[in-house]
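An overview of the molecular structure
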2 protein chains.
Amino acid sequence: MRDSVKVFAPATVANVVCGFDVLGFAVNAPGDEVIMRLVDEPGVKITKITGDDGRLPLDPAKNTVSASVQDYLKHIGREDAGITIELHKKMPIGSGLGSSSASTVAGLFAVNTLFGNLLSRKELVPFAMKGEELACGYGHADNVAPALMGGFVLVRSYEPLDVISLPFPEDLCAAIVYPEVDVPTKDARQMIRSKVFLKDAVKQWGNVAGLVSGLYTSDYDLIGRSMVDVLVEPVRSILIPEFYAMRQLAMDLGAVGFGISGSGPSVFALTRNQETARKITDALQARLKTVQINSLSFVSPVNAKGPVVLD
Amino acid sequence: MRDSVKVFAPATVANVVCGFDVLGFAVNAPGDEVIMRLVDEPGVKITKITGDDGRLPLDPAKNTVSASVQDYLKHIGREDAGITIELHKKMPIGSGLGSSSASTVAGLFAVNTLFGNLLSRKELVPFAMKGEELACGYGHADNVAPALMGGFVLVRSYEPLDVISLPFPEDLCAAIVYPEVDVPTKDARQMIRSKVFLKDAVKQWGNVAGLVSGLYTSDYDLIGRSMVDVLVEPVRSILIPEFYAMRQLAMDLGAVGFGISGSGPSVFALTRNQETARKITDALQARLKTVQINSLSFVSPVNAKGPVVLD
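No experiment lies behind these values; they were computed from the predicted model shown.

One pass over the structure, following the stated rule, counts 13 aromatic pairs over all chains. Where Tyr72(A) meets Phe127(A), the ring centres are 6.1 Å apart and the plane angle is 65 degrees; that geometry is what we call edge-to-face. With Tyr72(A) in helix 1 (residues 64-75) and Phe127(A) in helix 3 (residues 121-136), the pair connects residues that are 55 residues apart, well separated along the chain. Judged by its relative accessible area of 0%, Tyr72(A) is buried. Geometrically, the ring pair formed by Phe243(B) and Tyr244(B) is edge-to-face, given 4.9 Å between the ring centres and 90 degrees between the ring planes. Among the aromatic side chains, those forming a connected cluster through ring pairs are Phe25(A), Phe152(A), Phe168(A) and Phe268(A). The lysine or arginine in question, Lys199(A), covers the ring of Phe197(A), its NZ or CZ lying 5.2 Å from the ring centre.

Okay, here's the thing in structure tokens:
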């Protein structure tokens, strides 16, 4: 049995335009790394965090990584265990790319590996959701489920939790751009109205059904036609500079579809190949530059693996 | 070229519980028949209607069958044609089984056959939708599209119209019971609130996505878990006697899922075989009998063909 492990867990794009709170997918980059060690002294400690500019708590009860690891240990009856955690953040916080999910999932995957994979990836989802609740006040699964399971994931139901892996076209790529503006998840959620017109909801679930169908049949056109959000995007896009200009650029360059990643401010396009994705990130970053906004970009195939052990 | 044709078009179950206004499937029975003849005298005439108890108009401009045939002829530039129509209704009107759709689709399929199949089944959908508008004040497609195309159909979008055939498990059967009470489609629609809670809409599109996924993977359990409607059924079920008792009976007898067909009052269960479907219709009809309500029942595999030429 190993006494230490290094794990990478991927960033995720939640909602996928039409699937608010029920769809998400993982990417190969960016993502976070956790190094976990079994030690003699009981308790879970965070010994180091890099890449967070001092924004994340070191207190084990307040940090989502250590808190969910503690939950896991309690569940398997090993609260006596001694564990140290190094968290290496390799992606921006508050970017709408499932930053807290990637960290939490890396930690849970690491502790599960150290204790002999007692739980399946699916069984880890509820532990990661508790971490999300700590991070953003709302225990959603549309980031943590794809981060744990890889690929596209449908969260069909929260009570009871029912999480389903969906297929996707082999060549499907994501072009992601993170404009460096601040959109806290909590605020982004509060902008959304609690009631919606039924006729708009009907449009939305027609599109969700179309997207799922397109994923099963590798029908890029159908995937693209279905990536329409009449409910949430019109509100959240207000917080994202140049949103509609970026959409136009992405679609003109051959994107399958374009939208907000999670609660933003990151935006993403799905593409048929990495070359198109690269052209799109270049164009969007250039556009943001014209309004003096710095940005980061990531190009990646859809991640099929979820978290991986690195050493 | 033939100068007469007899066509059968199938009844349909719209909504399929969670897919309000976007999903529907066809069954082998019941359904309607149209006999159409080319005649010398120009114009479209209805010469005979049977099985309607005198409820349907013979005026060609007011009857959905003749009106949509006239639209078709106009579209192909053959308003000069002479056509007589016999409509044989073999299913109850106002039952929630797509009665008007079956008639309209039979007529359109017949005229398209007589004129050399100038349009595809998919291209006939908009003509049938105009017929629905005439019949029930609302041009929906979740009955006419499956009636025309067979199987399960997703109406992803109405503007522009985007209709997608979905696969389904080969053995999937439907058990249908029509309680003989009156629920006009217009009234059933008016009961539904125009605004809904976003959190309920999220549940609904999670289920729609789950149902589509289950149809692609022939996962009966997932299909069943997804057949939940938190928005429309709680309201419409009020108009259907013994609704929740019938659900319990159907589920206890092994139904995959159970719900209202279209706007009711017919109810349906999906089952893994015809034997289970038969047991369910027997039990539901017996239950309705205890509250002095007569009913009709139909047991059928999901119809894969849509309309067929009978002679």
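Our next topic: the environment of Val202(B). Positionally, Val202(B) belongs in helix 6 (residues 198-217). Residue Val202(B) is classed as buried on the basis of its relative accessible area, which comes to 9%. When residues no more than four places from it in sequence are discounted, the contact partners of Val202(B) are Phe20(A), Asp21(A) and Val22(A).

This part takes up the pattern of salt bridges. It is possible for side chains bearing opposite charge to pair when their charged atoms get close. Residues and elements named next belong to chain B. Inspection of the entire model under this criterion finds 28 salt bridges over all chains. Ionic pairing is found between Asp32 and Lys89, a salt bridge with its closest N-O pair at 2.4 Å. Here Asp32, found in strand 2 (residues 23-39), pairs with Lys89, found in the loop between strand 4 (82-88) and helix 2 (99-114); they are 57 residues apart in sequence, far enough to count as distant. As far as the burial class goes, Asp32 and Lys89 line up, both buried.

Residue and element names in this part refer to chain A. Parsing chain A into structural domains produces domain 1 (4-166) and domain 2 (173-301). Here the C-alpha centre of domain 2 lies 24 Å away from the C-alpha centre of domain 1. Across the boundary between the two partners, domain 1 contributes 28 residues, which contact 37 residues of domain 2. In total, domain 1 and domain 2 occlude about 2,500 Å² of area from one another, counting both sides; carbon and sulfur atoms represent 70% of this. On the domain 1 side of the interface with domain 2, the three residues burying the most area are Val17, Cys18 and Phe20, jointly 27% of the side's total. At the boundary of domain 1 with domain 2, the tally comes to six residue pairs in polar contact (both at pLDDT 80 or more). Elements supplying a minimum of two residues to the side of domain 1 that touches domain 2: strand 1 (4-14), strand 2 (23-39) and strand 6 (161-166). A per-element tally of the side of domain 1 that touches domain 2 places strand 2 first, with six residues. Taken together, the residues that form the side of domain 1 that touches domain 2 break down as 18 nonpolar, nine polar and one charged.

Residues and elements named next belong to chain B. If you walk across this open sheet you meet the four strands as 9-10-7-11, and the pairing is antiparallel. Bordering the open sheet on either side are strand 9 (257-260) and strand 11 (295-301), each of which pairs with just one other strand. Strand-to-strand twist in this sheet, taken as the mean axis angle between neighbours without regard to direction, amounts to 15 degrees. Bridge analysis of strand 9 against strand 10 (residues 267-271) gives four bridges, and the strand direction is antiparallel. Looking at the pairing, Ile260 lines up with Val267 of strand 10. Contacts from helix 9 (residues 243-252) reach strand 9 and strand 10, with the element oriented near 160 degrees to strand 9.

Let's shift gears to the UniProt feature "binding site: ATP" (unreviewed entry) in chain A. Residue and element names in this part refer to chain A. Mapped onto this numbering, the UniProt entry gives "binding site: ATP" (unreviewed entry) at Pro92, Ile93, Gly94, Ser95, Gly96, Leu97, Gly98, Ser99, Ser100, Ser101 and Ala102. Looking at the element boundaries, Ile93 is found in the loop between strand 4 (82-88) and helix 2 (99-114). In contact with Ile93, other than residues within four places in its own chain, are Asp52, Arg55, Leu56, Ser99 and Tyr178. With respect to the helices and strands, the residue Ser101 is situated in helix 2. Excluding residues within four positions of it along the chain, Ser101 makes contact with Glu132, Asn143 and Val144.

What counts, and at which threshold
Sequence order as written defines residue numbering, which begins from 1 separately in each chain. Here chains are named by letter from A upward and ligands by number from 1 upward, in the order in which they appear as written. The predicted nature of this model means local features are confined to residues of pLDDT at least 70 and side-chain atom pairs, given and counted, to a pLDDT of 80 or more, with totals for whole chains, interfaces and linings taken over all residues. Hydrogen atoms and water are omitted, and side-chain values are computed over all heavy atoms in the structure. Between rings of Phe, Tyr and Trp, where Trp is taken as its six-membered ring, a pair exists when centres lie within 6.5 Å; planes separated by under 30 degrees are stacked, by over 60 edge-to-face, and by other angles tilted. Numbered from the N terminus, helices here are DSSP runs of H or I no shorter than four residues, and strands are runs of E no shorter than two. Relative accessibility thresholds used throughout: buried, under 20% of the residue-type maximum; exposed, over 50%; partly exposed, between the two (1.4 Å probe, protein chains only). Distance and angle both matter: a charge sits over a ring if NZ of Lys or CZ of Arg is within 6 Å of the ring centre and within 35 degrees of the ring normal. Residue contacts follow a heavy-atom distance rule, with two residues in contact if any of their heavy atoms lie within 4.5 Å. Take a side-chain nitrogen of Lys or Arg and a carboxyl oxygen of Asp or Glu: if they are within 4 Å of each other, that pair is a salt bridge. The domain limits used here are those given by an automatic or database domain assignment. Accessible area, probed at 1.4 Å, shrinks when two parts are joined; the buried area is that loss added up over both. Under this definition, polar contacts are N or O atom pairs within 3.5 Å; protein pairs additionally need one hydrogen-donor-capable and one acceptor-capable atom, and for neighbouring residues in sequence, both atoms have to be side-chain atoms. We call Asp, Glu, Lys and Arg charged. Ala, Val, Leu, Ile, Met, Phe, Trp, Tyr, Cys and Pro are nonpolar, and the rest, Gly among them, are polar. When DSSP finds two or more bridges between two strands, those strands count as paired. Interaxial angle, 0 to 180 degrees, is taken between N-to-C directions of lines fitted to C-alpha atoms, where a helix line uses only the stretch in contact. UniProt positions are given in the numbering used here, feature names are shortened, and annotations may be inferred rather than shown by experiment.

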